[in-house]
Amino acid sequence: MKHILLVEDDAQITNLISLHLHEPFYTVTACDRAAVALERLSATTYHLVILDIMLPDGNGIEICRRIREQNGRTPILMLSSLSEETDKVTALELGADDYLTKPFGVFELMARVKALLRRGEGAAFAEASAAGASVAEAGAVSGDTGVLMRGGLVIDRDKKRVTIRGQRLELTPKEFDLLWLLASHPGKTFSRHELLEMIWGFAFQEYEHTVTSHINRLRIKLEKNLNKPEYILTTWGTGYRFAE
């Protein structure tokens, strides 16, 4: 069963989401205040957080930032209205994995929830099973098993597990997808537009700095020296590539 925290002050939307995300596959904890949401997050680990941007006592973007500071793995689905496009961009830059614009369809909601849960599986609740996984010889690639090994970096696609020099990295689902794509094609340059379309599923030029923000966060977690990156390189004027 997947545990989902829903932070939404619109009772109709809360009832709609709770109606479709029900047992035996899901259990939804709903609240309509930012303060209550932060209390729940400090006490319980969730597989997914569905978070409205505008709340009576605060801003969902601030909750998103707090989640990323405290737990890098929990997928976050933001809910927003058409008039809050700037906030949506900010939320994506802070680490939100996806967003839905109100009003939204139930089928689209379910599809996005299932996609985020699939990407998040093996992260927040897989520490025990992932512990003890061996690190193979540097430079090998094992595509059949869904494992990439680049120098001291090991990326396990199925477990959503990344280690560097034997230490596990805490990545958000989007950070993991971005790293896997780049590492799967060493030396190939992807433009920001291509990465936005392939990882986020949309390709609006106004959102391309979201890619830059995620690349910067990946480098902070991966690189010993940010001035001389070893793994994720910049192709000036074009985009990014993984080192050959």
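Residues numbered from 1 in each chain as written. Predicted model: local features only at pLDDT ≥ 70, side-chain atom pairs only at ≥ 80, totals over all residues. Heavy atoms only, no water.

**Details of the overall build of the chain**
Along the chain, the regular secondary structure elements total nine helices and 15 strands. Across the 244 residues of the chain, 48% fall into the buried class. In the chain, of all internal contacts separated by at least 6 residues, the share reaching a separation of at least 24 is 58%. Summing over all exposed atoms, the chain offers an accessible surface of approximately 11800 Å²; the carbon and sulfur share of this is 51%. (Helix = DSSP H or I, 4+ residues; strand = E, 2+ residues; numbered from the N terminus. Buried < 20%, exposed > 50% of the residue type's maximum accessible area, 1.4 Å probe, protein only. Contact = heavy atoms within 4.5 Å. Areas by Shrake-Rupley, 256 points an atom, 1.4 Å probe, with all protein chains shown as cover.)

**Details of helix H1 (residues 11–20)**
Listed as buried for H1 are Ile 13, Thr 14 and Ile 17. The buried residues of H1 occupy an angular sector of 100 degrees when projected down its axis, which confines them to one face. Those residues of H1 that are exposed and angled more than 90 degrees off the buried face are Ala 11, Gln 12, Asn 15 and Leu 19. Looking at where H1 begins, the residue whose side-chain oxygen comes 2.9 Å from the main-chain nitrogen of Gln 12 is Asp 10. (Arc of directions from axis to C-beta. Polar contact = N/O pair within 3.5 Å; in protein donor to acceptor, adjacent residues only side chain to side chain.)

**Quick look at the sheet that holds strand S7 (residues 98–102)**
In spatial order, the strands read S2-S1-S3-S6-S7; together these five strands make up an open sheet with parallel pairing. Two strands in the sheet have a free side with no partner beyond their single neighbour: strand S2 (26–31) and S7. Averaged over all pairs of adjacent strands, the angle between strand axes in this sheet comes to 20 degrees, irrespective of strand direction. Taken together, the five bridges between strand S6 (residues 76–81) and S7 define a ladder with parallel strand orientation. Following the sheet pairing, Ser 81 is matched in S7 by Lys 102. Across the sheet, helix H2 (residues 34–43) lies against strand S1 (2–7), S2 and strand S3 (48–52), angled at about 140 degrees from S2, the strand it touches most. Packing against the sheet, helix H3 (residues 60–70) makes contact with S1, S3 and S6, and its axis sits at approximately 170 degrees to S6. (Pairing = 2+ DSSP bridges. Axes fitted to C-alpha atoms, helices over the stretch in contact; angles between N-to-C directions.)

**Section: the nonpolar core**
Within soluble globular proteins, side chains that are nonpolar tend to cluster in buried spots. Counting residues in each nonpolar core, the largest one holds 48 residues, and the members touching the most others are Leu 51, Ile 63, Met 78, Leu 153, Ile 155, Leu 179 and Ile 232. In terms of residues, this core owes the most to one element, helix H7 (residues 173–184), which gives seven residues. Beyond its immediate stretch of four places on either side in the chain, Met 78 contacts Leu 51, Ile 53, Gly 60, Ile 61, Cys 64, Ala 91, Ala 96, Asp 98, Tyr 99 and Leu 100. Residues Leu 6, Leu 48, Phe 104 and Val 113 belong to the second largest nonpolar core, which totals 17 residues. (Core = buried A, V, L, I, M, F, W, Y, C linked by side-chain atoms within 4.5 Å.)

**Focus on the confidence of the model for the chain**
Parts of the model with low pLDDT should not have their predicted coordinates read in detail. Residues with a pLDDT of 70 or more make up 84% of the chain, whose mean pLDDT is 82. Low confidence marks residues 122–144, where pLDDT is under 50. Its contacts with residues over four positions away, or in another chain, come to 37 contacts. (pLDDT = per-residue confidence, 0-100.)

**Some thoughts on the packing of helix H8 (residues 192–200) against helix H9 (residues 208–222)**
Taken N-terminus to C-terminus, the directions of H8 and H9 make an angle of 85 degrees; their axes are 9 Å apart at the nearest point. Overall, the two elements H8 and H9 adopt an arrangement that is roughly perpendicular. Along its contact with H8, which presents Arg 192, His 193, Leu 195, Leu 196 and Trp 200, the element H9 presents Glu 208, Thr 210, Val 211, Thr 212 and His 214. A per-class count over the contact of H8 with H9 returns four nonpolar, four polar and two charged. (Parallel < 35°, antiparallel > 145°, perpendicular 65-115°, else oblique. Nonpolar A, V, L, I, M, F, W, Y, C, P; charged D, E, K, R; others polar.)

**Quick look at the pattern of salt bridges**
Tallying each qualifying case throughout the model produces 11 salt bridges. Between Asp 52 and Lys 102 there is a salt bridge, with the nearest N and O atoms lying 3.2 Å from each other. Placement of Asp 52 in strand S3 and of Lys 102 in strand S7 is noted, with a sequence separation of 50 residues between them. One continuous salt-bridge network, built from bridges that share partners, spans Glu 8, Asp 52 and Lys 102. (Salt bridge = Lys/Arg side-chain N within 4 Å of Asp/Glu carboxyl O.)

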